[in-house]
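# Coordinate analysis (summary)
Chain by chain, the residues run as shown.
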Amino acid sequence: MFGWYRQAEMCYAYLSDVPSATGDHAEANSAFRCSKWFTRGWTLQELLAPLWVQFYDVNWNEFGTKESLEFSIKSVTGITYLFNYDKASVAQKMSWASKRETTRPEDQAYCLMGLFDIHMPLLYGEGQKAFLRLQREILSKTEDESILAWGGIESRSTDGLLANTPALFGGCGDVQCAIFDAGRPPPIMTNKGLRLELLIVTATKGSAVQGLHGPIYLAPLNCTRSSVTIGRSFLALCLRSPGQDDYERLGIRAQEFPVVNLAKAKSERRTIYIKQHHQLQTVWFDKGYYARKILFRISPLRSLGFQVSEKFLRSAGGGAYWDLSNSEGPTFAYFLLMEDQIATAALLLARNSTDNVVATVAVTPSRGRVDVGIEKGNKSLQESIQAFRSVRMLEIDRDDRVPRHLVDGRPLSVAISKQIHTGGQIYVVDFKIGG
Amino acid sequence: MRLIDTVTLELHEFFGKDAPLYAILSHRWEEDEVTFQDFRGGRGPEMRGWSKVTGCCAQAAKDGWQYVVSLHQVIRGSLFCLLGLFSSFYPLMSGWWQMGTIGFTSFRSHD
């Protein structure tokens, strides 16, 4: 498809919702600028691939060309490289597609293949996975790391290494390639996740960022935002490490980093693996609240004979306490002010002294994660939490429940979600026994 | 590749490097578009999408192009079958692809 458009001598763009060729097409609310032709996925390559494009109204009257309407087209589409799309970064190209729609979800990916010079089989039925597949193909072909620069630290429902949809590149119109560490080896997809060799620094903003899930790391990418002009500012991956060389992507941040020389970079690069899916379930909180309550609704476990035997709290920066007034279970109450601050609460629920369930929640002002572990034997909560940090890389779908099995084999799962409760909204960690 | 003669509105098939210069249409998929089967079966002129075919051809003829890429030559109902076939033959066909001589010129039925 892309090839036919590339090789065509002329492309006629027929805009059936432009009623007349006359009038000022550059005007903000003109039929041309509001045309649905600009909202569809496939028409992106039909605009970019041909050398010549002429625009026609519903009655086949010409009203301009790609050149004569350049200003309007650029402003409607956000495309800065209208005549040389191949000069744009991966993230920029994705941003052009970020607001476009396709009838079938797979086409969101397939309609971009030509723009990235990717050839891959079309497998209708694979759904959103098509976009992940496209990105993996792009990764295997280019050194452009801007493909990892989607979203922001504040962006929502964005867990994972690669973006689930082009929409997450919406803010990437100005992301460009830049040299931070030029000589690093290319990323390789493995069964442990994407293998990268990066220079990693611990995030220093705020004092203690240690939570249950460890510190936040920053790994500068070879890209920057053209809107960021101070010094040598780069876009960095925000990462956390559930254990050893395994990392999870938390978001992206623009920050200034000192120049690295080649020898230093070579000796200090670390090999890490980033999985597509996080192992823990994440909830995004409503913005604008600094104080929050999270109820551990443990009644299903109580009915099996489990009792709370230990409680654990830690808050880096803000404050936290246990509110025991709710009969359904203990409530974790806390406040945090900075995104780098993390508060953690954990409960040890025991039965027969050998069967322990450890439920933990770690929160920042914008999001919370929940995990549950099953411990055999008579471990303390501290010991269990330590064990927690290095275990279980389960592949679970985002927003799914975290699945485990009790010692007696019964399935136990946990999830955190917002619920409307007596007296307003509350976040609830709920336990489910059985399938 | 199948091209429509912009004057006679007849389909012509070209192979390899014999393919002539052509113009192409970019549009949104709307209701009652003319498919390849409609075109071949002579049902095109009764369809709402026919004006796109004739409009495009008339404009191309005026501009001096003898051919346009024929539109949407895929039956909507069997699109999935065709795509399945296309996928499985993909490695074999990728050579063709680069030369622009695919037997059907549009495998998208939606935008």
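### A few points about the confidence of the model for chain B
Interpretation of the predicted coordinates at a detailed level should be avoided for regions scoring low in pLDDT. All names here are of chain B. When pLDDT is averaged across chain B, the result is 63; 62% of the residues are at 70 or more. Segment residues 72-110: pLDDT under 50, and 85 contacts once partners within four positions in sequence are set aside and those in other chains are kept. Quick note on the complex model: pTM equals 0.70, ipTM equals 0.70.

### Remarks on the pairing of strand S12 (residues 270-274) of chain A
Remember that side chains alternate between the two faces of the sheet whenever the strand is regular. All names here are of chain A. Where strand S6 (residues 193-198) meets S12, five bridges bridge the pair, whose relative direction is antiparallel. When the bridges of S12 are listed, Arg-195 appears paired with Tyr-273. Where strand S11 (residues 246-256) meets S12, two bridges bridge the pair, whose relative direction is parallel. Bridge pairing in S12 places Tyr-247 opposite Ile-274.

### Overview of the confidence of the model for chain A
Considering every residue of chain A, the mean pLDDT works out to 83; 85% of them sit at 70 or more. Least confident of the elements in chain A is helix H9 (residues 381-388) of chain A, whose mean pLDDT is 62; most confident is helix H4 (residues 90-97) of chain A, at 97.

### A look at the packing of aromatic side chains
All names here are of chain A. Going through the model one piece at a time under the given rule, you end up with 17 aromatic pairs over all chains. Note on Phe-180 and Phe-234: the rings are 5.1 Å apart at their centroids and 65 degrees apart in plane angle, and the pair reads as edge-to-face. Remark: Phe-234 occurs in strand S10 (residues 233-243) and Phe-180 occurs in the loop between strand S4 (175-177) and strand S5 (188-190); sequence separation between them is 54 residues. We note that Phe-180, like Phe-234, is buried. Here the aromatic cluster, defined as three or more aromatic residues joined through ring pairs, consists of Phe-32, Trp-37, Phe-38, Phe-55 and Phe-63.

### Some remarks on H4(A)
All names here are of chain A. For H4, the buried fraction is high: eight of the eight residues fall into the buried class. For H4, the full list of buried residues reads Val-90, Ala-91, Gln-92, Lys-93, Met-94, Ser-95, Trp-96 and Ala-97. Buried residues along H4 sit in contact with helix H2 (42-48), helix H3 (70-77), helix H6 (129-139) and S4.

Reading the values: the criteria
- Residues numbered from 1 in each chain as written.
- Chains lettered and ligands numbered in written order.
- Predicted model: local features only at pLDDT ≥ 70, side-chain atom pairs only at ≥ 80, totals over all residues.
- Heavy atoms only, no water.
- pLDDT = per-residue confidence, 0-100.
- Contact = heavy atoms within 4.5 Å.
- Pairing = 2+ DSSP bridges.
- Helix = DSSP H or I, 4+ residues; strand = E, 2+ residues; numbered from the N terminus.
- Phe/Tyr/Trp six-rings, centres within 6.5 Å; stacked < 30°, edge-to-face > 60°.
- Buried < 20%, exposed > 50% of the residue type's maximum accessible area, 1.4 Å probe, protein only.

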